[in-house]
Amino acid sequence: MVRQSEMRSRIKRDNTDNLIECSPRAFLKTYASNKQLRSKDLRNVVMNALKEGDFLDDNGWISFLNMGKGQNENETFAFLGQVIQNITRAATQHDETLKPQAVTCPSPTATSQHSKPGSRLFPDWIAAFNVLSSSIHVDAKPSTDVAPRKKSVKTLDIASIAEFKLKDTTEKIIDNEEKMVGAAKQLLENDPCRERILGFTMEKKRTRFWDFSRCAITVSEPFDLNEKPELLVDFLLFVIFAKKHEIGFDPTMPNISVGGEDCSCYELGNSLCLTVGSPLSGEAAYEMVGRATRVWVVEVLFPDSNGDIEVDGDIEVGRTRFRRGVTRRVLKDVWLYGLCEREIQSSILEKLGAKQKTKLEEHFLTFIMEEVIIHKGEPKRTLKKPSRTEVQPIMMSRTHMLRKHVRSVVNEECENLYQLTDFKKALICWRDMIICTSFCQLDQLIKLTIISGLDLFRIAGFIHRDLSGGNTLFFEGRGIISDLEYSKRYNEVSSHDPKTGAPDFMAAEYQANLFFFLPSRTDATAELFKLQDEWFAPHFVHDVESIYWQYLWFLHNRIPKTPEPSQSALEKVKRQAGRYFGHSIDGNQDRFEVIRNETSDIKLRGVLESIYCPLILQPLDLSITLREEYRRVVRSLPMKKSDDAWRLGDVFNGDIYEKFLGKLQAVLDAYSVITVDAASRGTGKVAPLNGSNNLQTLPHNQNLDRSHPKRIEN
């Protein structure tokens, strides 16, 4: 079991590429900005009240100045509770229109209540929204004692978090950072309504502000709490009085209770969509910076004064009672920095002929609605970066990409690869990622020329760049290609583009950021090779390799039911899965060797043959096909194009798609449905859905060695 400290360290390490730094004042201006709360008169009133209450003097915070040697963290930072009460009282007396929205709680040992099982949160301090914020009582003479919080607070109500340390050593600073990043990640993942989370860390007097969003992680430069107490006062004023949408909650997502359970409700156009059950896909929300894609089955709510559902909150549609619609749809909520999926669909389809277009449309989602979310007449976007921002060196080649908030509704309620427990359905998905149109007679046996879905992408000039388990879909006997938001015209890709995709399914060259199979340099190419570090850019074959990784993932994470494999065989599969899956976006040497090593298919087969029959392992040979194609396309070295980006020339064709198709179709033709065990055995991230316990026999086929177990675990 992974310890909390190890998990927090990994989360922090995985997010260093997204970190930007700014001055404390620039931070407050960007992330804690409210004209009413940033009034100089208000700040002066509050600062004077704190001095009159013996919390501040000219040297700083009196409690810090008088701190005893034997004090613990709880005792040292308890003064913040009294400070906040004084700030609240002074501010509301100065401006009667101000209403406190949040209360603060020291919480060094109390966990917070998550709606998601397994999530645990132990921040040293939180600010939480009070349901009846206008009735919050502010004691005119606050007690000097701060009572510990006796019960947990719902994470849905947490407005801000903080972490404290008595010393400012490097070890303590790093520990605070890791706890802050870990807690923020849990909050963003757990709550679909949360757009960002604010916090601060203190190591003795050393203080920093933090903002976590889908665009970036921003931290202020450290400042001395005693030398600049007004900075903390400005931050706390915002946390106490800011409304939910100002502090990072989505105002177009009213939370409602149905049958005593909290449910998510999305506003789209003039409609509300009530989520049903758990999300169909939500793994993208696991990463703090990114699209944060969540996909739900929803029921559209219709205004009805006699409806059985009551929605609280200031919603744009202006009604409070609703009834459920009869038809279920699928809603996607996502943060994008480029074109929306329906726009990209249109761009791809317009490049194809009529028959190709008709066939590809069968493997696209059917959109009922797609729009950028509007709030108070303005499109919802992530906040612009602060002025005077310092960016980590790894991000120097990137821009600070603002994201827009997009929602869409489609007809098809699909199963994604993570949910599939039927190997035949998975094969159909992979085939239909390859197969898409069938025209023109080829010969007497096949009678049709097969043009693949990805080959049609190639013909249209697009690469997908994000084929993964979450967007490889099965619906009514066919595969669906979705999540086109990262798709891009090949003549526009560049080595400077940020990496996109799910690490488990990314092409190895793409992760390594280099071509594995370049020809040997010669005297004629020596000068060109000096620029080799600038050459790499993703291309069409990398999309095809993603299908291969999906196949490997399924073999390692879904074990056919019968006969029961040995425990030692399962352990070998589990260890091998750990070498290839669950790593960062930059991959690792084990993944690289699967593509680079001439005998990788033999190594893979050596572990998997104790679980699978030879037929089902035949597509392992596709690593050979990939190596051959990678060698072929780089025989002509990359060229610098008119946009100053390096790309390969006109070297791509449809051969590799037909080879992949042949292997997959051979297995598909030979097998009937093979249902995998619904129980999780820990080799994968996502457990199969229930309802897959039907025992199904393997086909009678001469190529099938029936002595081999046929089962994959999750």
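What counts, and at which threshold
- Residues numbered from 1 in each chain as written.
- Predicted model: local features only at pLDDT ≥ 70, side-chain atom pairs only at ≥ 80, totals over all residues.
- Heavy atoms only, no water.
- Helix = DSSP H or I, 4+ residues; strand = E, 2+ residues; numbered from the N terminus.
- Contact = heavy atoms within 4.5 Å.
- Areas by Shrake-Rupley, 256 points an atom, 1.4 Å probe, with all protein chains shown as cover.
- Pairing = 2+ DSSP bridges.
- Axes fitted to C-alpha atoms, helices over the stretch in contact; angles between N-to-C directions.
- Salt bridge = Lys/Arg side-chain N within 4 Å of Asp/Glu carboxyl O.
- Buried < 20%, exposed > 50% of the residue type's maximum accessible area, 1.4 Å probe, protein only.
- Parallel < 35°, antiparallel > 145°, perpendicular 65-115°, else oblique.
- Nonpolar A, V, L, I, M, F, W, Y, C, P; charged D, E, K, R; others polar.
- Expected span 1.5 Å × (residues − 1).
- Arc of directions from axis to C-beta.
- Core = buried A, V, L, I, M, F, W, Y, C linked by side-chain atoms within 4.5 Å.
- 1 Å grid on protein atoms, 1.4 Å probe; cavity = no way out; pocket = protein on both sides within 12 Å on 5 of 7 lines; lining within 4 Å.
- Points joined across faces, edges and corners; volume = space filled by probe spheres on them.
- Phe/Tyr/Trp six-rings, centres within 6.5 Å; stacked < 30°, edge-to-face > 60°.
- Left-handed = near helix turned anticlockwise from the far one by under 90°.
- Right-handed = clockwise from strand over helix to strand, strands pointing away.

Q: Before we move on, can you summarise the overall build of the protein chain with the specific residues and values?
A: Counting secondary structure elements, the protein chain contains 21 helices and 31 strands. Long-range contacts, defined here as pairs at least 24 residues apart, represent 73% of the contacts in the protein chain between residues at least 6 apart. For the protein chain, the accessible area works out to roughly 31700 Å², and carbon and sulfur atoms hold 48% of it.

Q: Explain the sheet that holds strand β28 (residues 478–481) residue by residue, including any values.
A: With antiparallel pairing, three strands are arranged side by side in an open sheet as β23-β27-β28. Taken across any chain shown, the strands that pair with only one partner, and hence form the sheet edges, are β23 (415–416) and β28. Pairing geometry for β23 and strand β27 (residues 472–475), over two bridges, is antiparallel. Following the sheet pairing, Glu-415 is matched in β27 by Phe-474. The strands that helix α12 (residues 423–434) touches are β23, β27 and β28; relative to β28, the one it contacts most, it runs at about 55°.

Q: Hey, could you go over the pattern of salt bridges for me, with residue numbers and the actual values?
A: Taken as a whole, this structure holds 35 salt bridges when the rule is applied. Taking the shortest distance from any N to any O, the salt bridge between Arg-206 and Glu-203 comes out at 3.1 Å. Here Glu-629 makes a salt bridge to Arg-632, at a shortest N to O gap of 2.9 Å. Within this pair, Glu-629 and its partner Arg-632 are both found in helix α20 (residues 622–633), separated by three residues, close to a single helical turn. Given a relative accessible area of 24%, Arg-632 falls into the partly exposed group.

Q: Go over the packing of helix α16 (residues 540–557) against helix α21 (residues 655–670), please, and point to the residues and values.
A: In contact at an axis separation of 11 Å, α16 and α21 are set at 10° when each is read in the N-to-C sense. Between α16 and α21, the angle is such that the two are roughly parallel. Contacts between α16 and α21 involve Phe-540, Val-541, Val-544 and Tyr-548 from the first element and Ile-656, Tyr-657 and Phe-660 from the second. For the contact of α16 with α21, a count of residues per class yields seven nonpolar, no polar and no charged.

Q: How would you sum up helix α17 (residues 567–580)? Please name residues and give values.
A: The terminal C-alpha atoms of α17, which comprises 14 residues, lie 20 Å apart, in line with the 20 Å expected from a rise of 1.5 Å per residue. Among all positions in α17, only Ala-569, Leu-570, Val-573, Gln-576, Ala-577 and Tyr-580 are buried. Burial along α17 is one-sided: seen end-on, the buried residues are contained in an arc of 130°. Contact partners of the buried residues in α17: α16, α18 (589–596) and α19 (600–608). In the stretch just after α17, Gly-582 is the one whose phi turns positive, near 90°.

Q: Could you give an account of the nonpolar core, with specific residues and numbers?
A: With 93 residues, the main nonpolar core has Trp-430 and Tyr-548 as its most contacted residues. Setting aside residues up to four positions removed in sequence, Trp-430 forms contacts with Leu-417, Phe-423, Thr-472, Ile-547, Gln-550, Tyr-551, Phe-554 and Leu-664. Cys-22, Leu-37, Ala-216 and Ile-240 belong to the second largest nonpolar core, which has 64 residues in total.

Q: With reference to specific residues and values, describe the environment of Leu-352.
A: With respect to the helices and strands, Leu-352 occurs in the loop between α10 (341–349) and α11 (354–361). In this structure Leu-352 comes out as buried when scored by relative accessible area, which is 10%. The sequence separation of Leu-352 and Ile-459 amounts to 107 residues, and the corresponding C-alpha distance is 7.4 Å. Apart from residues lying up to four places away in sequence, Leu-352 is in contact with Lys-357, Leu-360, Leu-456, Ile-459 and Ala-460.

Q: Explain empty space enclosed by the protein to me, using residue names and the numbers behind them.
A: Per the stated rule, a full pass over the model turns up six cavities of 30 Å³ or more. Roughly 220 Å³ of volume is contained in the largest cavity. Together, 19 residues line the largest cavity, and Val-295, Val-330, Leu-365, Leu-473 and Ser-482 are the ones closest to its centre. Every element with two or more residues in the lining of the largest cavity is listed here: β14 (271–281), β17 (321–336) and β22 (404–410). It is β17 that provides the largest number of residues to the lining of the largest cavity, a total of three residues. Computed from the structure, the second largest cavity encloses a volume of approximately 90 Å³. Lining the second largest cavity are 15 residues, and of these Arg-465, Tyr-510, His-542, Asp-543 and Ser-546 sit closest to its centre.

Q: So, the packing of aromatic side chains: which residues are in play, and what are the values?
A: Applying the stated criterion to the full structure yields 35 aromatic pairs. Aromatic pair Phe-423 and Phe-554: ring centres 5.6 Å apart, planes at 50°, arrangement tilted. Taken as a pair, Phe-423 in helix α12 and Phe-554 in helix α16 lie far apart in primary sequence, 131 residues in all. Classification of Phe-554 as buried rests on a relative accessible area of 0%. Taken together through their ring pairs, the aromatic side chains of Phe-27, Tyr-31, Phe-77, Trp-125, Phe-164, Phe-200, Phe-209, Phe-223 and Phe-235 make up a single cluster.

Q: Lay out the packing of helix α3 (residues 40–52) against helix α8 (residues 229–241) in plain terms, naming residues and giving numbers.
A: With their axes 11 Å apart at the nearest point, α3 and α8 run at an angle of 115° to one another. Taken as axis vectors, α3 and α8 run roughly perpendicular relative to one another. Read as a crossing pair, α3 and α8 show a hand that is right-handed. The segment α3 lies against α8, with Leu-42, Arg-43, Val-46, Met-47 and Leu-50 engaging Pro-229, Glu-230, Val-233, Asp-234 and Leu-237. Within the contact of α3 with α8, the residues separate by chemical class into seven nonpolar, no polar and three charged.

Q: An account of the pairing of strand β6 (residues 158–165) is needed here, citing residue identities and associated values.
A: Put simply, side chains in a regular strand alternate between the two faces of the sheet. The buried fraction of β6 amounts to eight of the eight residues, a majority that puts the element mostly inside the structure. When strand β5 (residues 125–129) meets β6, the two strands line up antiparallel, connected through four bridges. Bridge pairing in β6 links Ile-126 to Ile-161. Taken together, the six bridges between β6 and strand β7 (residues 196–203) define a ladder with parallel strand orientation. The residue bridging Lys-165 from the neighbouring strand is Glu-203, located in β7. In the classification by handedness, the crossover that spans β6, the intervening helix α7 (residues 170–190) and the parallel β7 is right-handed.

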